[in-house]
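Topology and contacts: notes
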Amino acid sequence: MFVPCGESAPDLAAYTLLMPAVSVGNVGQLAVDLIISTLNMCKIGYFYTDCLVPMVGNNPYATAEENSAELSTNAEVYSLPSKKLVALQLRSIFINYKSKPFCEKLLSWVKSSNCAKVIVLSSSHSYHRNDLQLCSTPFKYLWAPSVQKSVQNKSHNWEEMEKSPCIPEINDSEFCIPEGGNTKTLCDEGRSKEIPLAVLLKFVSKGDNIPDALGLVEHLNEWLQIIKPRCNDPTASALLWKIPSSWRLLSGSSLSPVLF
Amino acid sequence: MAATFFGEVVKAPCRAGTEEEEEDEEERRETPEDREVRRQLARKREVRLFRRQTKTSLEVALLEKYPCSKFIIAIGNNAVAFLSSFVMNSGVWEEVGCAKLWNEWCRTTDTTHLSPAEAFCVFYHLKSNPSVFLCQCTCYVAEDQQYQWLEKVFGSCPRKNMQVTILTCRHVTDYKTSESTSSLHSPFLKALKTQNFKEPPCCSLLEQPNIAHDLPAAVLSYCQVWGIPAVLYLCYTDVMKLDLVTVEAFKPILSSRSWKGLVKKYTRGNMSADGPACACRISPRAQRY
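Below is a short write-up of the structure. This one's a predicted model, so the numbers in the text were calculated from it and none came from an experiment.

What counts and what doesn't
- Residues numbered from 1 in each chain as written.
- Chains lettered and ligands numbered in written order.
- Predicted model: local features only at pLDDT ≥ 70, side-chain atom pairs only at ≥ 80, totals over all residues.
- Heavy atoms only, no water.
- Helix = DSSP H or I, 4+ residues; strand = E, 2+ residues; numbered from the N terminus.
- Buried < 20%, exposed > 50% of the residue type's maximum accessible area, 1.4 Å probe, protein only.
- Contact = heavy atoms within 4.5 Å.
- Pairing = 2+ DSSP bridges.
- Axes fitted to C-alpha atoms, helices over the stretch in contact; angles between N-to-C directions.
- Salt bridge = Lys/Arg side-chain N within 4 Å of Asp/Glu carboxyl O.
- Buried area = accessible area lost by both parts, 1.4 Å probe.
- Polar contact = N/O pair within 3.5 Å; in protein donor to acceptor, adjacent residues only side chain to side chain.
- Nonpolar A, V, L, I, M, F, W, Y, C, P; charged D, E, K, R; others polar.
- Left-handed = near helix turned anticlockwise from the far one by under 90°.

**Description of the overall build of chain B**
Within chain B, the regular secondary structure consists of eight helices and 12 strands. The buried share of chain B, taken over its 289 residues, is 51%. Contacts spanning at least 24 positions in sequence make up 77% of the contacts within chain B whose residues lie at least 6 apart.

Structural data, given as structure tokens:
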């Protein structure tokens with residue numbers, strides 16, 4: 001359930017909700033971290049749930065000593081009223097069999113909040129790509145018809161996620177998103193609750209997925225124009241995204257000199 | 001997929017957790033008998049609170065049954081030993097309940113005489129001030145049981161006028177730092193506190209990218225979300241078994257303002273070894289001193 005930080009629940013009517021799928025390489029979660037950190041979004045509440053593994057830590061977006069002591073939990077909601085943007089960040093994995101109940105509760109809350117649309121940032125494992133997908137862009141989209149209208153006028157070289165059989169040789173064409181975590185469940189729930197939901201995903205391999213997250217937010221930015229590029233040079237825009245302070249030591253502590 | 005050193009291809013664990021598709025596939029293929037087995041397993045894994053003396057279950061959540069101004073929770077052998085030695089020996093504590101749970105790692109005991117080798121989770125209150133509660137928990141509370149434990153202990157009406165302190169240990173190799181871990185002088189204490197905890201903690205705060213998890217994180221998250229003042233003291237140690245040096249690393253907490261009146265002044269000479277956890281053998285590291 002959503003628990004606001006302040007006394008009353010904020011009004012999220014007509015806001016765009018960005019959220020990650022907990023998927024291969026944690027790319028969606030890294031992408032949402034970049035968005036919250038770059039836009040300096042304010043925490044407005046928690047999504048208190050028994051569906052995610054508990055964890056706590058100090059402020060992952062700290063920029064100074066003064067703001068480093070704010071406690072963060074596993075599911076928090078941030079907003080930027082000037083752009084009518086709200087972001088949900090998930091920082092841990094789902095407990096067994098709790099992914100579907102989580103998606104149901106979350107989208108019920110989204111429906112009651114009257115958000116304009118939901119954008120899920122996700123990923124799928126690149127080794128599952130078929131021949132056609134190997135030759136095309138690794139960025140794919142899936143969206144409800146109600147979202148399509150708002151994207152129509154933008155010029156992108158995006159491609160729609162192809163329907164492919166989840167089991168080879170079996171002719172059942174549905175969306176198969178290998179290692180996409182709860183992406184498919186969110187799509188199915190979104191469709192049944194008639195929520196305008198879009199998925200942006202990238203085919204990735206596990207490893208250092210920071211470049212994948214940067215690529216995904218760049219693509220999202222082409223659509224939503226969250227941040228304006230400084231100039232027309234597309235290679236410069238990657239520098240505009242602020243890496244959160246909590247991304248240090250992603251490979252663990254320094255090695256002991258005794259080893260060498 | 002990944003290849004091992006010997007060339008066999010195995011399914012590597014996923015950083016993003018259990019495969020969604022596998023769970024969906026399992027649920028689609030589930031027969032009524034499978035569903036019944038899953039229901040029975042869920043019932044077996046339920047967390048129950050009861051009174052050992054009368055062998056009766058607690059009908060309501062522990063802190064809904066009793067008023068609480070202070071709640072100290074020790075999780076793990078060393079934290080439990082610290083409370084036994086320094087806090088429980090300073091007053092008379094009465095047992096008010098016990099958590100009974102089972103998971104793949106442990107089963108809590110039903111007996112009234114606890115031994116250090118057994119896993120237990122017992123709740124006490126101070127006879128001279130019954131609003132002061134203490135929990136000693138040596139059992140592992142699994143991920144799917146942590147939320148239940150919170151509901152059974154704290155209930156559904158969180159109280160903002162109580163203060164919660166949680167003590168636990170982690171292995172020093174879990175601590176991420178730009179220095180090499182061999183240069184760290186363990187054991188050492190770090191703190192995490194909720195927004196409404198206004199007292200200065202007894203040690204430095206836990207720096208990012210370090211995090212806490214398991215039951216201590218579940219309790220602290222609950223307190224943060226519901227606005228309860230709470231602090232978690234994490235002792236990073238290289239000895240996770242019962243160890244005198246690790247137990248003593250918690251001593252700075254004794255000087256907390258909120259712990260005034262709870263503890264007698266202790267010197268090494270008069271430290272008592274009462275309490276179930278302290279009756280255990282001392283670790284080899286302590287024997288070297």
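From this point, the narrative continues.
**Re the sheet that holds strand β10 (residues 159-160) of chain A**
Residue and element names in this part refer to chain A. Spatial ordering of the open sheet is given by β1-β3-β6-β7-β2-β8-β11-β9-β10, a layout of nine strands whose pairing is mixed. Looking at strand neighbours, the two that pair on one side only are β1 (2-4) and β10, the edges of this open sheet. Here five bridges tie strand β9 (residues 139-143) to strand β11 (residues 197-204), and the two strands are oriented antiparallel to one another. By the bridge assignment, Lys140 is partnered in β11 with Leu201. Relative to the sheet, helix α1 (residues 27-39) contacts β2 (16-20), β6 (75-80), β7 (85-90), β8 (117-125) and β11, its axis offset from that of β7 by approximately 135°.

**Here we look at the pattern of salt bridges**
Residue and element names in this part refer to chain A. For the structure on display, the rule yields 18 salt bridges over all chains. A salt bridge links Asp50 to Lys105, with the nearest nitrogen and oxygen atoms 3.4 Å apart. A residue pair is termed long-range when its members are at least 10 positions apart, and Asp50 in the loop between β3 (42-47) and β4 (55-58) and Lys105 in helix α2 (residues 99-113) qualify at 55 residues. A salt bridge links Lys100 to Glu104; the nearest nitrogen and oxygen atoms lie 3.4 Å apart. Taken together, the positions of Lys100 and Glu104, both in helix α2 and four residues apart, correspond to about one turn of that helix. Among the charged side chains, a network of salt bridges with common partners joins Lys43, Glu76 and Arg91.

**Here we look at the interface of chain B and chain A**
Across the contact, 48 residues belong to chain B and 48 residues belong to chain A. Interface area for chain B against chain A, summed over the two sides, is near 4000 Å², with a carbon-plus-sulfur share of 55%. The tally of links from chain B across to chain A stands at zero salt bridges. Linking chain B with chain A are five residue pairs in polar contact (both at pLDDT 80 or more). Those elements that provide at least two residues to the side of chain B that touches chain A are α1 (20-29), α5 (143-154), β10 (188-193), β11 (211-213) and α6 (214-225) of chain B. Here the side of chain B that touches chain A takes eight residues from α6(B), the largest share from any one element. Here the side of chain B that touches chain A is built from residues that sort into 20 nonpolar, 14 polar and 14 charged. Relative to β11(B), β4(A) runs antiparallel, the two sharing three bridges. Along β11(B), the bridge assignment pairs A:Met55 with B:His213.

**Examining the packing of α1(A) against helix α6 (residues 210-224) of chain A**
Residue and element names in this part refer to chain A. Axis separation between α1 and α6 bottoms out at 8 Å; the angle between their running directions is 65°. As α1 packs across α6, the resulting crossing turns out to be right-handed. Two secondary-structure elements touch here, α1 through Val27, Leu30, Ala31, Leu34 and Ile35 and α6 through Ile210, Asp212, Ala213, Leu214, Leu216, Val217 and Leu220. Considered class by class, the residues forming the contact of α1 with α6 number 11 nonpolar, no polar and one charged.

**Some points on the sheet that holds strand β6 (residues 93-100) of chain B**
All names here are of chain B. The strand order β4-β3-β6-β7-β8-β5-β9-β12-β10 describes an open sheet built from nine strands, whose pairing is mixed. Single-partner strands in this sheet number two, and they are β4 (56-57) and β10. In the sheet, β6 pairs with strand β7 (residues 121-126) via five bridges, with the strands oriented antiparallel. Among the inter-strand pairings, Glu94 is bridged to a residue of β7, identified as His125. Helix-sheet contacts for α6 involve β5 (70-75), β8 (129-137), β9 (163-171), β10 and β12 (230-237), and the interaxial angle to β9 is about 150°.

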